[in-house]
Amino acid sequence: MPQSSTKPFIDVLSGQRQTVPPMWMMRQAGRYLPEYREARAKAGGFLDLCFNPELAAEVTLQPIRRFGFNAAIIFSDILVIPYALGRSVRFEAGEGPRLEPLDDPAKVATLAPRADFGKLEPVFEALKIVRGALDPKVALIGFCGAPWTVATYMVAGHGTPDQAPARMMAYRHPEAFSEIIDVLVDNSVQYLLAQLAAGADALQIFDTWAGVLPPTEFARWSVEPTRRIVEGVRAKVPDAKIIGFPRGAGALLPAYVEATGVDAVSIDWTAEPAFIRERVQSRVAVQGNLDPLVLITGGAALDRAVDNVLANFAAGRLIFNLGHGIQPETPIAHVEQMIRRVRG
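Residues numbered from 1 in each chain as written. Predicted model: local features only at pLDDT ≥ 70, side-chain atom pairs only at ≥ 80, totals over all residues. Heavy atoms only, no water.

As recorded in an unreviewed UniProt entry, the chain goes by the name Uroporphyrinogen decarboxylase, listed as coming from Bradyrhizobium agreste. Here is the UniProt Subunit (unreviewed entry) comment for the chain, exactly as written: "Homodimer." As its UniProt record puts it under Pathway (unreviewed entry), the chain is described as follows: "Porphyrin-containing compound metabolism; protoporphyrin-IX biosynthesis; coproporphyrinogen-III from 5-aminolevulinate: step 4/4." (UniProt positions renumbered as here; feature names shortened; annotations may be inferred.)

Here it is in structure tokens:
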């Protein structure tokens, strides 16, 4: 098939398989890079880094300079939407995010319906800086958290092993929980459109906690809100390229693809290859799905794992990635080894 847009990453999303799959890594701007650690120290806190356009742009570009990936993803966080909605959001060192819990209907009634997008102007500014600095062949990805995953943090006030607080609230108070989801859907659409306007070529919707939901709840709280976001973005930008990542969705992935209308899905390392090829990759591009722990391991185990991903998925439309974010202790030499193996 002829090469088109000059961006191999976008070509795959547009229906054109690439002989050498384009690649990037989730959390590619991160603590495994000494240059990231230096920028993070300069910024102060994590949110300070997210909201400093020059430094956020710098850390977005670092892995592109070092590794020559086919896509950059803007450095930000899924919890900037609750922050723009006026909720208290802070990141404690070693503990992750802390928010004021929205754990009963009375508290949900205090949720602002509209985000103050002025608070997110630094993210759009960073996108513009990165867009200007990137080689035209390299794609720029904007993103948001899926409403279900963002709501899990908003309800509990922090991450939990299985997000039980949000699951319980969705059972106990479905109307109140729906209000949180509706606010997140509407504001996520506006946020993603603003990222496209600032220079993003494609968008990813991260539903990190989709896999904890039973099928009926998955359809209601993961699939349906994502479908509404995709529809809302495409109402304004009909050809917007969107990747969904309902982590842990497993056998529910075909229904997710069918209902949401995404152009690609990210899959984690537990996905069954034949099932994905036949039921998912036959319809959309797939992105993934190297186990981040084998990237830490390196050596022959890493070579075998990379070869497996390519054997399983490279005959179809594939964006090579990890099954989740790269871990801070990953040796840079192993990332280089993976890239050499993929690019042959």
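Further notes follow.
In this section: the packing of aromatic side chains. Within the structure shown, the criterion is met by 12 aromatic pairs. Between the aromatic rings of phenylalanine 143 and phenylalanine 206, the centroid separation amounts to 5.5 Å while the plane-to-plane angle is 80°, which identifies the pairing as edge-to-face. Taken together, the residues span a long stretch of sequence, with phenylalanine 143 in strand β4 (residues 139-145) and phenylalanine 206 in strand β5 (residues 202-207) at a distance of 63 residues. Residue phenylalanine 143 shares its accessibility class with phenylalanine 206, and that shared class is buried. Their ring planes at 75° and their centres at 6.3 Å tell us that phenylalanine 206 and phenylalanine 245 sit as a pair that is edge-to-face. Of this pair, phenylalanine 206 sits in strand β5 while phenylalanine 245 sits in strand β6 (residues 242-246), and the two are 39 residues apart along the sequence. (Phe/Tyr/Trp six-rings, centres within 6.5 Å; stacked < 30°, edge-to-face > 60°. Helix = DSSP H or I, 4+ residues; strand = E, 2+ residues; numbered from the N terminus. Buried < 20%, exposed > 50% of the residue type's maximum accessible area, 1.4 Å probe, protein only.)

The next subject is the pattern of salt bridges. For the structure shown, the criterion picks out 16 salt bridges. Between arginine 227 and glutamate 231 there is a salt bridge, with its nearest N and O atoms 3.1 Å apart. Of the two residues, arginine 227 and glutamate 231 are both situated in helix α11 (residues 215-236); the distance of 4 residues between them amounts to about one turn of the helix. Among the charged side chains, a salt-bridge network with shared partners connects Lys7, Arg131 and Asp201. (Salt bridge = Lys/Arg side-chain N within 4 Å of Asp/Glu carboxyl O.)

Ranked by internal contacts, the top residues of the largest apolar core, which has 132 residues, are Phe9, Phe177, Ile180, Leu290 and Met338. Here the element with the most residues in this core is helix α10 (residues 174-197); it accounts for 12 residues. Beyond its immediate chain neighbours, meaning those up to four positions away, methionine 338 contacts Met23, Met25, Leu290, Leu295, Leu302, Val306, Phe320 and Leu322. (Core = buried A, V, L, I, M, F, W, Y, C linked by side-chain atoms within 4.5 Å. Contact = heavy atoms within 4.5 Å.)

So, on to the sheet that holds strand β9 (residues 318-322). Read across the sheet, 7 strands follow the order β1-β4-β5-β6-β7-β8-β9 without closing on themselves; strand pairing throughout is parallel. The open sheet has two edge strands with one neighbour each: β1 (71-73) and β9. The mean angle between the axes of side-by-side strands here comes to 25°, regardless of whether they run parallel or antiparallel. Pairing of β6 with strand β7 (residues 264-266) involves 2 bridges; the strand directions are parallel. Bridging from a neighbouring strand, glycine 244 pairs with valine 265 of β7. Here α10 sits on the sheet in contact with β4 and β5, set at roughly 165° to β4. (Pairing = 2+ DSSP bridges. Axes fitted to C-alpha atoms, helices over the stretch in contact; angles between N-to-C directions.)

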